[in-house]
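# Structure assessment
The lines below spell out each chain.
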Amino acid sequence: MTQLLEGKTGLIMGVANKRSIAWGIANSVSKEGARLVLTYQNERLGENVRALAPQLNDPLLVQCDVSSDEQIQALMARIGGEAGGLDFIAHVLAFAPREALDGMYADTKRDDFRVALDISAYSLIAVARAALPLMKDRQAAIVTLTYLGAERVIQNYNVMGVAKAALEASVRYLANDLGPHGIRVNAISAGPIKTLASSAVGGISSMIKLHAERAPLRKQVDIDEVGDAALFLVSPLSRGISGEVIYVDGGYHILGV
Ligand code: NAD
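Predicted model only: the values in this text are computed from it and were never measured.

Looking now at the packing of aromatic side chains. One pass over the structure, following the stated rule, counts one aromatic pair. With a centroid separation of 4.8 Å and 70 degrees between ring planes, the pair formed by tyrosine 147 and tyrosine 157 is classed as edge-to-face. Placement of tyrosine 147 in the loop between β5 (141-146) and α5 (158-178) and of tyrosine 157 in the loop between β5 and α5 is noted, with a sequence separation of ten residues between them. Across the pair, tyrosine 157 and tyrosine 147 agree in class, each one buried.

This is how it looks when you write it as structure tokens:
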């Protein structure tokens, strides 16, 4: 039987360990035949990624810290050299200093704001621009990860909510820029999941519990559910969708307070 992503090459950015949403996405797209490039932020996390990689179909592993334009350029040059082109990107990463993810948003420091917006929102622009020569005219797709804190005040999410709002707006502007090149850009707004990054948000465990109690589907979201939604968004099944935010949150966002 033909697989949805047979013959396609995908870049997955943001695997830190087996609990990472990026790892859920890597598994979903790999099962549908995609050949993968996985990036890791630094050598420490590279060890985790190297240990997980044998579960996939011989992925290319490349270190890339998205705060560096040089590393993003080098990544794309490497992919161009080894794969010739790129059919999809999953941008599944974010960062804000821990002290900015607790207490009052009004206390956010200038430097913490800059770092959060740079890593969590600007990096999507930098990656999309650098990947354009590899992706254009291939019916390619980009997907990124956001959270409800972009639209509503979620306790302790603070500057990350503002970064996600910038990310969601960037999805729309990038979708408009890249659409004429045949590239779609979408976001998944996932419900809370316990991961390395989410552990930095104050009170995450009680948020997950509350979500499971209240969401229409009455359960926690898991990385496989997000992975399958990302598979849809990078596959031809979603060929008419761009500039959209799709919720994978068990329906939580439809609730009133
Ligand atoms: P995670 O810790 O597994 O992944 C975050 C990744 O970001 C890590 O791999 C980390 O190395 C990477 N990263 C941070 N700074 C980087 C940099 N400078 N260069 C390159 N990579 C960098 O956590 P996760 O929860 O899987 O997060 C993935 C994405 O999902 C993030 O955008 C997060 O905001 C989003 N998200 C998470 C949840 C949740 O509850 N876990 C909900 C909605 C959205």
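Close to the ligand lie 27 residues; Gly14, Ser20, Gln41, Ile193 and Thr195 are nearest. One nitrogen or oxygen atom from the main chain of leucine 93 is found 3.2 Å from an oxygen atom belonging to the ligand. One of the backbone nitrogen or oxygen atoms of alanine 197 is found 2.9 Å away from an oxygen atom of the ligand. With the chains in place, 93% of the 820 Å² that the ligand exposes on its own is no longer accessible. Its residues placed into classes, the shell around the ligand shows 18 nonpolar, seven polar and two charged.

Definitions and limits used
- Residues numbered from 1 in each chain as written.
- Predicted model: local features only at pLDDT ≥ 70, side-chain atom pairs only at ≥ 80, totals over all residues.
- Heavy atoms only, no water.
- Phe/Tyr/Trp six-rings, centres within 6.5 Å; stacked < 30°, edge-to-face > 60°.
- Helix = DSSP H or I, 4+ residues; strand = E, 2+ residues; numbered from the N terminus.
- Buried < 20%, exposed > 50% of the residue type's maximum accessible area, 1.4 Å probe, protein only.
- Near = heavy atom within 4 Å.
- Polar contact = N/O pair within 3.5 Å; in protein donor to acceptor, adjacent residues only side chain to side chain.
- Areas by Shrake-Rupley, 256 points an atom, 1.4 Å probe, with all protein chains shown as cover.
- Nonpolar A, V, L, I, M, F, W, Y, C, P; charged D, E, K, R; others polar.

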